[in-house]
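Structure at a glance
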Amino acid sequence: MRELQFREALREAMQEEMRRDESIFLMGEEVAEYNGAYKVSQGMLAEFGAKRIIDTPIAELGFAGIGVGAAMNGLLPIIEFMTFNFSLVAIDQVINSAAKMKSMSGGHFGCPIVFRGPTASAGMLSSQHSQAFESWYANCPGLKVIVPSNPADAKGLLKSAIRDNDPVIFMESEQMYGDKGMVPDGEYLMPIGVADIKKAGTDVTIVSFGKMMKVALKAAEELAAENINAEVIDLRTVRPIDYATVINSVKKTNRLVIVEESWPLAAIATEVAFKVQREAFDYLDAPVLRVMGGDVPLPYAPTLIEAYLPNPARVIKAVKEVMYLQKA
């Protein structure tokens, strides 16, 4: 085991895969000469050259389309968006081309491509650069959507995404690139669509993914000091969702709180809540509660950002509500 930063784990995943398969290339804004906007691709231009580490103009629609065409013709592109906020410019290529290609071609053309980059808030970047689009992309058949929460998962899941035959949306966080964590030595892959129980517990199930796992785990730590034993599940993948792990946990704890940064309407949390009440209704001792981001564009002011985002105090309050220790 080695301690790596989140960005280093992502870099290792791409380097190992590119050494293994010459059909893989990385394309995006500032990925080459500048070593990546967040230094994820640092040193990769020197190793792989300008034909495989490709700087692009500020034209997401264009280079996403090039990636889709390359994937249809036997290459394995990794398309980096400087932020998934900018992927909206290319959403036609992602949704109407990549996601639908295999279905519309009757299986004659696949589209093995990875779209990766940071999602959601990253500090005082205001409304247009702080949006969590996990549920948007997860809503589209044909895509797989991965949102890792730590360096080990990031490396194992990115390697699996690169090898997958379907288009994969791989969503990171600007605020996590410097996070450190233990990563297994040697090559390893993690299966897509398998959740992970980060902390076992008996009193309540807390489900989250991505950087909100920090909030969930911090809340669980503070709850433990009050003798409330929370089980914390990291979805890791939001399409496909590992419902079985969540449902089995709820059957044990009888209570569920879901933590997500996104806007409340039609969120991943909404879908998980529906599935649990559908499959485990008789096991629930309280209504499912969600701790979500605000139902407004994210403001710029730090005080308003703090009020907008989920935090441990809000999660603890929700847990106590489902345990009937606190009124709503």
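Preceding this section is the structure that the text describes.
Heads up: these notes are all about the structure in this document.

Conventions adopted
- Residues numbered from 1 in each chain as written.
- Predicted model: local features only at pLDDT ≥ 70, side-chain atom pairs only at ≥ 80, totals over all residues.
- Heavy atoms only, no water.
- Helix = DSSP H or I, 4+ residues; strand = E, 2+ residues; numbered from the N terminus.
- Rg over C-alpha atoms; globule rule 2.2 N^0.38 Å.
- Buried < 20%, exposed > 50% of the residue type's maximum accessible area, 1.4 Å probe, protein only.
- Contact = heavy atoms within 4.5 Å.
- Lys, Arg positive; Asp, Glu negative; His and termini not counted.
- Charge placed at Lys NZ, Arg CZ, Asp CG, Glu CD.
- 1 Å grid on protein atoms, 1.4 Å probe; cavity = no way out; pocket = protein on both sides within 12 Å on 5 of 7 lines; lining within 4 Å.
- Points joined across faces, edges and corners; volume = space filled by probe spheres on them.
- Nonpolar A, V, L, I, M, F, W, Y, C, P; charged D, E, K, R; others polar.
- Expected span 1.5 Å × (residues − 1).
- Arc of directions from axis to C-beta.
- Core = buried A, V, L, I, M, F, W, Y, C linked by side-chain atoms within 4.5 Å.
- Salt bridge = Lys/Arg side-chain N within 4 Å of Asp/Glu carboxyl O.
- Pairing = 2+ DSSP bridges.
- Axes fitted to C-alpha atoms, helices over the stretch in contact; angles between N-to-C directions.

Let us look at the overall build of the chain. The helix and strand inventory of the chain stands at 12 helices and 14 strands. The globule rule puts the C-alpha radius of gyration for 328 residues at 20 Å, and the 20 Å found for the chain is close to it. Counting only C-alpha atoms, the chain reaches 60 × 45 × 40 Å along its principal axes. The 328 residues of the chain split such that 56% are buried. Within the chain, residue pairs in contact and separated by at least 24 positions form 80% of the contacts whose partners lie at least 6 positions apart. The averaged location of the 41 negative side-chain charges in the chain is 3 Å from the averaged location of its 33 positive side-chain charges.

Residue P240 follows R239 across a cis peptide bond; omega there is 0°. Inspection of the secondary structure puts P240 in the loop between β12 (237–239) and α9 (243–253). Even without being a glycine, N35 presents a positive backbone phi close to 70°. Mapped onto the fold, N35 is located in the loop between β2 (24–28) and α2 (44–48). The partly exposed category is assigned to N35, whose relative accessible area is 23%.

Before going further, it helps to examine empty space enclosed by the protein. A full pass over the atoms with the stated rule returns two cavities of 30 Å³ or more. Its volume calculated, the largest cavity comes out at about 110 Å³. Considering the residues around the largest cavity, the lining is formed by 16 residues, among which E134, F209, G210, K211 and E261 are closest to the centre. Split into classes, the residues belonging to the lining of the largest cavity amount to seven nonpolar, four polar and five charged. In this model, the second largest cavity occupies a volume close to 30 Å³. Every residue along the wall of the second largest cavity is listed here: S130, Q131, A132, E261, S262, W263 and Y308.

What follows deals with helix α8 (residues 212–224). Over its 13 residues, α8 runs 19 Å from end to end, which matches the ideal 18 Å to within 8%, given 1.5 Å per residue. All of the buried residues along α8 are M212, M213, V215, A216, A219, A220 and L223. Projection of α8 onto a plane perpendicular to its axis shows the buried side chains occupying an angular sector of 160°, all on one side. Tucked inside the fold, the buried residues of α8 contact β9 (196–199), β10 (204–208), β11 (230–234), β13 (256–259) and α12 (312–322).

Grouped together as the largest cluster of nonpolar side chains are 49 residues, with contacts concentrated most on F115, Y137, I169, V246, V272 and V276. Within the residue set of this core, elements represented by two or more residues are β2, α3 (60–72), α4 (91–98), α6 (134–138), β7 (168–172), α9, β13 and α10 (268–279). Beyond its immediate stretch of four places on either side in the chain, V272 contacts L235, I241, Y243, V246, L256 and I258. F6, Y38, A154 and F170 belong to the second largest nonpolar core, which has 34 residues in total.

The subject of this paragraph is the pattern of salt bridges. Taken as a whole, this structure holds 24 salt bridges when the rule is applied. Of the charged contacts in the structure, one is a salt bridge between K155 and E12, with a shortest N-O distance of 2.8 Å. Of this pair, K155 sits in helix α7 (residues 151–163) while E12 sits in helix α1 (residues 6–20); the two residues are 143 residues apart in sequence, bridging distant segments of the chain. Residue E12 is classed as buried on the basis of its relative accessible area of 17%.

Right, let's talk about the sheet that holds β7 for a bit. As summarised here, the arrangement of the seven strands in space is β3-β2-β4-β5-β7-β6-β12, forming an open sheet in which the pairing is mixed. Where the open sheet ends on each side, the last strands, each with one partner, are β3 (53–55) and β12. Across this sheet, the average inter-strand angle for adjacent strands is 20°, counted without regard to direction. Where strand β5 (residues 114–118) and β7 come together, five bridges link them in parallel fashion. Bridge pairing links V114 to V168 in β7. Its contacts with the sheet place α3 against β2, β4 (76–80) and β5, and it is angled at close to 165° to β4.

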